[in-house]
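# Geometric and topological summary
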2 protein chains.
Amino acid sequence: MIENKKDTSEYPNGIKWTKQRKRVYQILDEATQPLSAAQIYSRLDSEEQEKYAISTIYRILAVFEELRLTDKTNWMGDGRIVYELHRTGHTHYAVCLDCHRRIPLEQCPLHMNACQLHDSQAEDFVVVSHKIELYGYCKDCRAKHMD
Amino acid sequence: MIENKKDTSEYPNGIKWTKQRKRVYQILDEATQPLSAAQIYSRLDSEEQEKYAISTIYRILAVFEELRLTDKTNWMGDGRIVYELHRTGHTHYAVCLDCHRRIPLEQCPLHMNACQLHDSQAEDFVVVSHKIELYGYCKDCRAKHMD
DNA sequence: ATCAGTGCAAACGATTTGCACCTCG
DNA sequence: CGAGGTGCAAATCGTTTGCACTGAT
């Protein structure tokens, strides 16, 4: 069997690394913020014969989540589920209530991964992960309303 | 005009306090955790002629949110939107990844309401509110899987 | 009496699924 | 070659909306 290098340095074991999956992975990788399935779909180039079925996108995202490649979130806002690569640990966002921009936070305001929770209501609850979202107004939007 | 006391001690001004609204409010008030529209609907007693239209439930919940009577949330989990009365400030939950139970936390693990955020990525972002959800495994579910 | 609130059914948008075909390994 | 992946269209689910009727104030 001929030894040939794979063009993508890192990808999960045990699944077929099809052009569709490559592309969805690439789009998520290039994204600066979490994307919905529809947003991923719309970033496919129709001129390049790239309009893979939207159901395929959903199935790929399901597989990615199964493999812990992505994080899935649906928060306040437009109600759609958004996906992002599960990069270096977790990410939280500051969400502007005006322009709906999601600003990723550099650091986590809470340090309690995989720990025992000390709260009288949730005794013996073992925390595996957490999500935080801060709501407020970004610099630009505050300026906009300052008149 | 005859002065007559209202049977419900507290309710919002300016809206008709119909039996449907009373009942939805009561269900939310009795609930120990946030409920989805469908869950509220299913708690109506069909024997009591109480099966108000599901669309009515949604509309009532929309009004309640407008009046700041309730908080609306859709996080990780089953994808449905859940509602709870906007009681004494904000509440956070520990969500069991196994049984999906939502355990309200006694205290907020984060103290940063209405403050300036100090994060290099979100400079000059003014935080109005925040949501936190902890994911993990509750006592019962951990016991279940311990064999 | 009036107009907001309701019920019903139909519309809607996001997500899922069944099935035949295709393609990676 | 064969199992797994995909495309397409139809189904499903939660939620929203149009319209005629009802009931709280």
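Residues numbered from 1 in each chain as written. Chains lettered and ligands numbered in written order. Predicted model: local features only at pLDDT ≥ 70, side-chain atom pairs only at ≥ 80, totals over all residues. Heavy atoms only, no water.

### Some thoughts on the protein's contact with DNA strand D
Near DNA strand D you find 18 residues, and of these T18, R21 and T56 of chain A together with K16 and Y58 of chain B are the closest. Atoms of DNA strand D within 4 Å of the protein belong to the sugar or the phosphate in 61% of instances, the rest to bases. K16 of chain A is positioned with one of its side-chain polar atoms (N or O) 3.3 Å from a base nitrogen of DNA strand D. Between Y58 of chain B and DNA strand D, the recorded distance is 2.3 Å, taken from a side-chain N or O atom to a phosphate oxygen. Breaking the surface near DNA strand D down by element, the ones donating at least two residues are α1 (19-30) and α3 (54-66) of chain A together with α3 (54-66) of chain B. A total of four residues in the surface near DNA strand D trace back to one element, the largest contributor, which is α3 of chain A. For the surface near DNA strand D, the class distribution of residues is six nonpolar, six polar and six charged. (Near = heavy atom within 4 Å. Polar contact = N/O pair within 3.5 Å; in protein donor to acceptor, adjacent residues only side chain to side chain. Helix = DSSP H or I, 4+ residues; strand = E, 2+ residues; numbered from the N terminus. Nonpolar A, V, L, I, M, F, W, Y, C, P; charged D, E, K, R; others polar.)

### Quick look at the sheet that holds strand β5 (residues 102-104) of chain A
One key point about sheets: their strands pair by backbone hydrogen bonds, in either a parallel or an antiparallel sense. If you trace the six strands from one edge of the open sheet to the other, you get β5(A)-β4(A)-β6(A)-β6(B)-β4(B)-β5(B), paired in mixed fashion. The outermost strands of the open sheet, each flanked by one partner alone, are β5 of chain A together with β5 (102-104) of chain B. Taken over all neighbouring pairs, the strand axes of this sheet differ in orientation by 25° on average, direction set aside. As paired strands, strand β6 (residues 126-137) of chain A and strand β6 (residues 126-137) of chain B are joined by eleven bridges and run antiparallel to one another. By the bridge assignment for β6 of chain B, V126 of chain A is matched with Y137 of chain B. (Pairing = 2+ DSSP bridges. Axes fitted to C-alpha atoms, helices over the stretch in contact; angles between N-to-C directions.)

### A short note on the nonpolar core
The biggest cluster of nonpolar side chains holds 20 residues, and the ones touching the most others in it are F125 of chain A together with F125 of chain B. Listed by contribution, the elements that provide at least two residues to this core are β4 (93-96) and β6 of chain A together with β4 (93-96) and β6 of chain B. (Core = buried A, V, L, I, M, F, W, Y, C linked by side-chain atoms within 4.5 Å. Buried < 20%, exposed > 50% of the residue type's maximum accessible area, 1.4 Å probe, protein only.)

### Structural notes on the pattern of salt bridges
Applying the stated rule across the entire model yields four salt bridges over all chains. As a salt-bridge pair, K72 of chain B and E65 of chain B come within 3.9 Å of each other at their nearest N and O atoms. (Salt bridge = Lys/Arg side-chain N within 4 Å of Asp/Glu carboxyl O.)

### Description of the side chain of S36 of chain A
All names here are of chain A. Secondary-structure assignment places S36 in strand β1 (residues 35-36). Relative accessible area serves as the criterion here: at 4%, S36 is assigned to the buried category. Those residues within four positions of S36 in sequence are excluded, and the remaining contacts are R80, I81 and V82. (Contact = heavy atoms within 4.5 Å.)

### Considering the protein's contact with DNA strand C
In the vicinity of DNA strand C, 18 residues are found, and the nearest of them are W17 and Y58 of chain A together with T18, R21 and T56 of chain B. A distance of 2.8 Å separates a phosphate oxygen of DNA strand C from a polar backbone atom of W17 of chain A. Side-chain polar atom of Q20 of chain B to a sugar or linking oxygen of DNA strand C: 2.9 Å apart, as the coordinates give it. Broken down by secondary-structure element, the contributors of at least two residues to the surface near DNA strand C are α3 of chain A together with α1 (19-30) and α3 of chain B. Residue contributions to the surface near DNA strand C peak at four residues, all from α3 of chain B. When its residues are assigned to classes, the surface near DNA strand C shows seven nonpolar, five polar and six charged.

### Examining the packing of aromatic side chains
Here the structure, examined in full by the defined rule, presents six aromatic pairs over all chains. Each ring, one from Y25 of chain A and one from F64 of chain A, has its centre 6.2 Å from the other, and the planes form 80°; the classification is edge-to-face. Within this pair, whereas Y25 of chain A is found in helix α1, its partner F64 of chain A is found in helix α3, the two being separated by 39 residues in sequence. Across this residue pair, the class does not change: Y25 of chain A and F64 of chain A are buried. Plain terms: the ring middles of W17 of chain B and Y25 of chain B are 5.9 Å apart, the flat faces sit at 65° to each other, and that makes the pair edge-to-face. A relative accessible area of 13% places W17 of chain B in the buried class. Across the ring face of Y41 of chain B, the terminal group of K51 of chain B is positioned such that the distance to the ring centre comes to 4.4 Å. (Phe/Tyr/Trp six-rings, centres within 6.5 Å; stacked < 30°, edge-to-face > 60°. Lys NZ or Arg CZ within 6 Å of the ring centre and 35° of its normal.)

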